Amino acid sequence: MSDAKTIEEATGSVTGFAGPIGIGIPTYFDHATHLMHDFVCGANDVDTHLTGANFGRDLDAPETVDLRNVIEGDPTPGGKGTLSIARGIEVGHIFQLGDKYSASMGATVQDQEGNDVVMQMGCYGIGVTRIVAAAIEQNNDDKGIIWPEPLTPFDVILIPINMQRSDELRAAAETLYADLMDAGIDVLFDDRDARPGVKFADAELIGIPHRLVISEKGLQAGELEYRHRRDSEARMLKRDAALDLLRPS
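Presented here is a report on the structure given in the accompanying data block. Computed from a predicted model, the values in this text were never measured in an experiment. (Residues numbered from 1 in each chain as written. Predicted model: local features only at pLDDT ≥ 70, side-chain atom pairs only at ≥ 80, totals over all residues. Heavy atoms only, no water.)

Here's the deal with the environment of Gly79
At step 1: The topology assignment puts Gly79 in the loop between strand S4 (64-65) and strand S5 (92-98).
At step 2: The exposure class of Gly79 is exposed, given its relative accessible area of 56%.
At step 3: Measuring from C-alpha to C-alpha, the distance between Gly79 and Glu204 comes to 47 Å, with 125 residues separating the pair along the chain. (Helix = DSSP H or I, 4+ residues; strand = E, 2+ residues; numbered from the N terminus. Buried < 20%, exposed > 50% of the residue type's maximum accessible area, 1.4 Å probe, protein only.)

Listed below in structure tokens is the structure:
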């Protein structure tokens, strides 16, 4: 991480050939090196390396420190496996506060000898907004969010088709909305004067788990179009069957 000039000034050798044997400056070894044997290292001379180097013979046994980042395939700390790297999402955190606040508040406890000792403090918690972000990151597709049911802001999105053109459809949609709410189902009623395609696209984007579509054709057949957000196809259900499906157990 140092530039070539700094390395040469510190080690007396050019970049790529500095090594720990006879270097004459404090040297630190990563934990991963403590079991190395017969290894290759720079000889502190241009175009020269040493081979077959060993701790305890060619240089002192190292006191190791944590310097390098692990990579895929490194041994696990216990030496019984290898490390794999995967993405994670931080939804909680822990802070070691030390005596930053306890000292200023004079918050002490007695130790085993009966002496007053300033308490060491820490705190931890789960970030509510982080849970929401993590849920969305784990549950989405190219069309938008797919809310897990325990987190969804609404259980169902109700979409009437061309409700503004039919008083009968409007009345049926409003009655269905009331019946769903009475059944303990949280409903987002999309009563906008917008094209069906716009409503469907917005429903996908918002990601409410269940979608009900009420139309004049379905109304005549006594059916509703139902689709779960994760499904690729919709299906027709009788009105009572749709209510039974969505009613909380």
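Some thoughts on the pattern of salt bridges
At step 1: One pass over the structure, following the stated rule, counts 13 salt bridges.
At step 2: Here Arg227 ties to Glu204 by a salt bridge, and the two come within 2.5 Å at their closest N and O atoms. Highlighted residues: Arg227 in strand S14 (residues 223-228) and Glu204 in helix H5 (residues 196-206), separated in sequence by 23 residues. With respect to burial, Arg227 and Glu204 carry one shared label: buried.
At step 3: Salt-bridge contacts for Arg229 lead to Glu204; the nearest nitrogen and oxygen are separated by 3.1 Å. Of the two residues, Arg229 sits in the loop between S14 and strand S15 (235-238) while Glu204 sits in helix H5, which places them 25 residues apart along the sequence. As far as burial versus exposure is concerned, Arg229 and Glu204 are alike and both buried. (Salt bridge = Lys/Arg side-chain N within 4 Å of Asp/Glu carboxyl O.)

Examining the pairing of strand S8 (residues 121-126)
At step 1: Within S8, only zero of the six residues are buried, which leaves it mostly out in the open.
At step 2: Of the strand pairs in this sheet, S5 and S8 are connected by six bridges, and their pairing is antiparallel. What sits directly across from Gln96, in S8, is Gly122. (Pairing = 2+ DSSP bridges.)

Remarks on H5
At step 1: Of all the positions in H5, only Lys199, Ala203 and Glu204 are classed as buried. For H5, the angular spread of buried residues about the axis comes to 135°, placing them on one side.
At step 2: Among the structural elements, strand S10 (144-145), strand S11 (156-160), strand S13 (210-214) and S14 are those in contact with the buried residues of H5. (Arc of directions from axis to C-beta. Contact = heavy atoms within 4.5 Å.)

Side note on the layout of surface pockets
At step 1: The volume enclosed by the largest pocket comes to roughly 440 Å³.
At step 2: A class-by-class count of the residues in the lining of the largest pocket yields nine nonpolar, five polar and no charged.
At step 3: Approximately 370 Å³ is the volume attributed to the second largest pocket.
At step 4: Lining the second largest pocket are 13 residues, with His31, Ala32, Arg68, Pro75 and Thr76 positioned closest to its centre. (1 Å grid on protein atoms, 1.4 Å probe; cavity = no way out; pocket = protein on both sides within 12 Å on 5 of 7 lines; lining within 4 Å. Points joined across faces, edges and corners; volume = space filled by probe spheres on them. Nonpolar A, V, L, I, M, F, W, Y, C, P; charged D, E, K, R; others polar.)

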